Every structure is written in C-alpha cells, then in structure tokens.
Amino acid sequence: MTTPNELRLLPWSGPGDKPCYLSTDDPDGYMSRLADNIEAVQLDTASDLLEEVSEALDNQDTSLDEMRCLVQELAGALRDILRVARSRGRLLAMSDRRESAY
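Residues numbered from 1 in each chain as written. Predicted model: local features only at pLDDT ≥ 70, side-chain atom pairs only at ≥ 80, totals over all residues. Heavy atoms only, no water.

Peer 1: Sorry, what's going on with the overall build of the chain here?
Peer 2: Helix and strand counts for the chain stand at two helices and two strands. Each helix (α) and strand (β) of the chain, taken in turn from the N terminus, gives the series β-β-α-α. Classification of the 102 residues of the chain by burial places 25% in the buried group. Long-range contacts, defined as pairs at least 24 residues apart, comprise 57% of the intrachain contacts of the chain with a sequence gap of at least 6. Summed over its atoms, the accessible surface of the chain is roughly 7300 Å², and 55% of this surface lies on carbon and sulfur atoms. (Helix = DSSP H or I, 4+ residues; strand = E, 2+ residues; numbered from the N terminus. Buried < 20%, exposed > 50% of the residue type's maximum accessible area, 1.4 Å probe, protein only. Contact = heavy atoms within 4.5 Å. Areas by Shrake-Rupley, 256 points an atom, 1.4 Å probe, with all protein chains shown as cover.)

Written out as structure tokens, the structure is:
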C-alpha cells in the first residue's frame, strides 16, 4: 500500500471543501482512471472558459453582470486547475523518487 506522502490528491473535494486523497498501488484502477477523466474534463472546461472570457473582454457590449458571472466561473475553473497541478506535481515527485530508488 502507499505511504501517506504518496497519496494522490483527487480532482474533487469533500465536505467543507476538504481535499480528498486516493491510496492505491494501481495507477490504472477504476478510481485512478476516474480521477484522470475528471481532470481532463476540468482542463477542457478551463480552456473553453478562457476562450469565452477573452471574447467577452473584446466585446464592448458585455455587461457587468455577464462579466461577474464569467469571473465566478473562471475562479472555479482556476481552483480546479490548481488542484490538478498540485496532484500532478505530487505524482511526478513520487515517480522521481521511485525511479531514483532503483
């Protein structure tokens, strides 16, 4: 089984917005694949939202309410992407440690 510093940070949070972690020896297991798929969706969503925000900024007719809504969505996407980046950074660090052990 994995050690506490090898837990995978999952791309969703638990009650009270607390982080969720996965402990597994199988990177191809159901939960690992589910997390990978959700991360991919989050990255795609952030990319689409960035495009939408760029268009809204270029449009002089975008209302303040529309911009507020976009900023809220952008903040949520940024929160998701930061979680993905932290998770992947941890996974890379674990992989580096495993490779240097051999």
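Moving on, there is more to tell.
Peer 1: Hey, could you run me through the pairing of strand E1 (residues 8-13) in this one?
Peer 2: Across a regular strand the side chains alternate sides, sitting on one face of the sheet and then on the other. The pairing of E1 with strand E2 (residues 19-22) spans three bridges and is antiparallel. Considered in E2, the bridge of Arg8 is made with Leu22. Between the antiparallel neighbours E1 and E2 lie five residues, among them Gly16 with a positive phi of about 70 degrees. (Pairing = 2+ DSSP bridges.)

Peer 1: What is the right way to look at unusual backbone geometry in this model?
Peer 2: We note that Asp17 has phi near 60 degrees; this positive angle belongs to a residue other than glycine. Mapped onto the fold, Asp17 is located in the loop between E1 and E2.

Peer 1: Sorry if this is basic, but what is going on with the confidence of the model for the chain here?
Peer 2: Caution applies to low-pLDDT regions: their predicted coordinates should not be interpreted in detail. Mean pLDDT over the chain stands at 87; residues scoring 70 or higher make up 86%. Across the chain, the element-wise mean pLDDT spans from 85 in helix H2 (residues 64-100) up to 95 in helix H1 (residues 30-58). (pLDDT = per-residue confidence, 0-100.)

Peer 1: Just checking my understanding: could you explain the environment of Pro11 for this structure?
Peer 2: The residue Pro11 is located in strand E1 in this model. Residue classification places Pro11 among the buried residues on the basis of a relative accessible area of 3%. In the structure, Pro11 is positioned 28 residues away from Glu39 in sequence and 6.1 Å away in space, judged by C-alpha atoms. Setting aside residues up to four positions removed in sequence, Pro11 forms contacts with Ala35, Ile38, Glu39, Gln42 and Arg83.

Peer 1: It is not clear to me how a negative patch on the surface should be interpreted in this structure. Could you clarify?
Peer 2: The grouping of Asp44, Asp48, Glu51, Glu52, Glu55, Asp58 and Glu73 at the surface amounts to a negative patch. It is H1 that contributes the most residues to the negative patch, six residues altogether. Tracing the backbone shows Asp44 in helix H1. (Patch = residues over 30% accessible without salt bridge, like charges linked within 9 Å, V, L, I, M, F, W, Y side chains within 5 Å. Salt bridge = Lys/Arg side-chain N within 4 Å of Asp/Glu carboxyl O. Lys, Arg positive; Asp, Glu negative; His and termini not counted. Charge placed at Lys NZ, Arg CZ, Asp CG, Glu CD.)

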